[in-house]
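Here are the chains, one letter per residue:
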Amino acid sequence: MSLPGYILLAFSSLFVIVDPLASVPAFIAMTPNDGPAQRIRMARLACCVMAGVLIAFAVAGKFIFKMLGITMPAFQLAASIVLLLVALDMLRARRSRVQETTEETSAGAEKTDIAVTPLAMPMLAGPGAISTAILLQNQAVGIAQQIALCGCIIAVSLVSYFILRLSAQGARWLSPIATSIAIRIMGLLLAAVAMQFALDALRSLHGDWPFRPPGL
């Protein structure tokens, strides 16, 4: 894959799975007594933590697999299932319990500072985002694509911060209908990404299967 193509894949995949738009309602609900300045500070810290977590797992993912004896095809299949579960919930325009649970949202509403938990983890840098970062690192060819992946993670964090910063003013700019449509579109794209990860895993295990039946 060319460098521009890899950058497009990495940024779009990470943005779709992080899904900052879907985090806005929970972010507002968990900070009912905080002013715009406090919300912006929490959004900034959360996005910094998210970037650090995803970069750390992208860099250390292969070493973790080696220590645990996990093969990449096995992880690709597991990650594709996680991403598909998130995508199906996004297609129904609802927040997936893989990314956050109602209990975590309720607990967050009682906290004075939600920046690290549950906003950064698991709402933004949840299992799906971590899995995607590791898979993208595995697909990177050469140092240029590895650096590009880190740049894409930082770019997604900046975009997420911009969205959360705007919502800190009260989210009056968000149209519920437009948000619902955007989430459904991103859910469809994420489902396609999940299926592609699964197909890549099957190809690595069985050559050209399922596109070429055995014996032909």
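Our subject in this report is the structure included herewith. Treat the numbers as computed from the prediction; the structure is a model and nothing was measured.

### Topic: the packing of aromatic side chains
The geometry of an aromatic ring pair is captured by the separation of the ring centres together with the interplanar angle, meaning the angle of the planes. Per the counting criterion, the structure on display carries one aromatic pair. Centre to centre, the rings of Phe-11 and Phe-15 are 6.2 Å apart; their planes meet at 5 degrees, and the pair counts as stacked. Of the two residues, Phe-11 and Phe-15 both sit in helix 1 (residues 3-18), four residues apart, roughly one turn of that helix.

### Thoughts on the packing of helix 3 (residues 36-68) against helix 8 (residues 142-167)
One can describe the packing of helix 3 onto helix 8 by two numbers: an axis separation of 9 Å at closest approach and a directional angle of 160 degrees. Classed by the angle they form, the pair helix 3 and helix 8 counts as roughly antiparallel. Our pair here, helix 3 against helix 8, has a crossing hand that is right-handed. Contact residues: helix 3 offers Arg-39, Ile-40, Ala-43, Arg-44, Cys-47, Met-50, Ala-51, Leu-54, Ile-55 and Ala-58, while helix 8 offers Leu-149, Cys-150, Ile-153, Ile-154, Val-156, Ser-157, Ser-160, Tyr-161, Leu-164, Arg-165 and Ser-167.

### Some points on the side chain of Ser-131
Relative to the helices and strands, Ser-131 is located in helix 7 (residues 127-139). Using a relative accessible area of 9% as the deciding quantity, one classes Ser-131 as buried. Within the structure, Ser-131 has its side chain in polar contact with the backbone oxygen of Pro-127 (distance 2.7 Å). With near-sequence residues (within four places) excluded, Ser-131 lies in contact with Phe-75 and Ala-79.

### A closer look at unusual backbone geometry
One non-glycine residue, Asp-19, lies in positive phi territory at about 50 degrees. Summarising the element assignment, Asp-19 is placed in the loop between helix 1 and helix 2 (20-29). On the basis of relative accessibility, which here comes to 1%, the residue Asp-19 falls in the buried class.

### Topic: helix 1
Note on helix geometry: an α-helix contains 3.6 residues per turn, so any two residues three or four positions apart are oriented the same way. For helix 1, with 16 residues, the first-to-last C-alpha span of 22 Å sits near the 22 Å given by 1.5 Å per residue. Considered for burial, the residues of helix 1 that qualify are Tyr-6, Ala-10, Ser-13, Leu-14, Phe-15, Val-16, Ile-17 and Val-18. Positive backbone phi, approximately 50 degrees, marks Asp-19, located one or two places after helix 1.

### Side note on the environment of Ser-167
Note that Ser-167 resides in helix 8. Between the C-alpha atom of Ser-167 and that of Ile-40, which follows or precedes it by 127 residues, the distance is 8.9 Å.

### What about the nonpolar core?
Counting 60 residues, the largest nonpolar core has Leu-14, Leu-54, Leu-119, Leu-124, Leu-149, Leu-164 and Leu-190 as the members making the most contacts within it. When residues in this core are grouped by element, the largest group, eleven residues, is from helix 3.

### Focus on a nonpolar patch on the surface
A contiguous nonpolar surface patch, about 490 Å² in accessible area, is contributed by Phe-57, Ile-64, Met-67, Leu-68 and Ile-70. Residue placement: Ile-70 occurs in the loop between helix 3 and helix 4 (72-91).

### Regarding the packing of helix 1 against helix 8
For any two helices packed against each other, the geometry comes down to the angle between their axes and how far apart the axes lie. At their nearest, the axes of helix 1 and helix 8 sit 9 Å apart, and the two run at 35 degrees to each other. Seen from above, helix 1 lies across helix 8 with right-handed handedness. For the pair helix 1 and helix 8, the contacting residues are Leu-3, Tyr-6, Ile-7, Ala-10, Phe-11, Leu-14, Phe-15 and Val-18 in the first and Ala-144, Gln-145, Ala-148, Leu-149, Cys-152, Ile-153, Ala-155, Val-156, Val-159, Ser-160 and Ile-163 in the second. Residue classes in the contact of helix 1 with helix 8 are distributed as 17 nonpolar, two polar and no charged.

Calculation notes
Residue positions are given per chain, counted from 1 along the sequence in the order it is written. For this predicted model, a pLDDT threshold of at least 70 governs which residues receive local features, and a threshold of 80 or more governs which side-chain atom pairs are given and counted, while totals over whole chains, interfaces and linings are taken from all residues. Neither water nor hydrogens contribute to the side-chain values; these are computed over all heavy atoms in the structure. The aromatic pairing rule takes the rings of Phe, Tyr and Trp, using the six-membered ring of Trp, and pairs them if the centres are within 6.5 Å, calling planes under 30 degrees apart stacked, those over 60 edge-to-face and the rest tilted. Numbered from the N terminus, helices here are DSSP runs of H or I no shorter than four residues, and strands are runs of E no shorter than two. Only the stretch in contact is used when fitting a helix axis, every axis being a line fitted to C-alpha atoms; angles between N-to-C directions are given from 0 to 180 degrees. Roughly parallel refers to an angle under 35 degrees, roughly antiparallel to one over 145, roughly perpendicular to one between 65 and 115, and oblique to any angle outside these ranges. Left-handed describes a crossing in which the near helix is turned anticlockwise from the far one by less than a right angle; the clockwise case is right-handed. By definition in these notes, contact holds between two residues if any of their heavy atoms fall within 4.5 Å. Burial classes follow relative accessibility: with a 1.4 Å probe on protein chains only, a residue under 20% of its type's maximum area counts as buried, one over 50% as exposed, and anything between as partly exposed. Whenever a nitrogen or oxygen atom comes within 3.5 Å of another N or O atom, the pair is scored as a polar contact, on the condition that within protein one atom can donate a hydrogen and the other can accept it, and that pairs from neighbouring residues in sequence are kept only if both atoms are in side chains. Helix span, as expected, comes to 1.5 Å for every residue beyond the first. Definition used in this section: a nonpolar core is a set of buried Ala, Val, Leu, Ile, Met, Phe, Trp, Tyr and Cys residues joined via side-chain atoms within 4.5 Å. A patch consists of residues exposed above 30% relative accessible area that lack any salt bridge, with like charges linked at up to 9 Å and nonpolar side chains (Val, Leu, Ile, Met, Phe, Trp, Tyr) linked at up to 5 Å. Surface accessibility follows the Shrake-Rupley procedure with a 1.4 Å probe radius. Residue values consider only the protein chains on display as shielding. Whenever a carboxyl oxygen of Asp or Glu lies within 4 Å of a side-chain nitrogen of Lys or Arg, that contact is scored as a salt bridge. Throughout, the ten residues Ala, Val, Leu, Ile, Met, Phe, Trp, Tyr, Cys and Pro are labelled nonpolar, Asp, Glu, Lys and Arg are labelled charged, and all others, Gly among them, are labelled polar.

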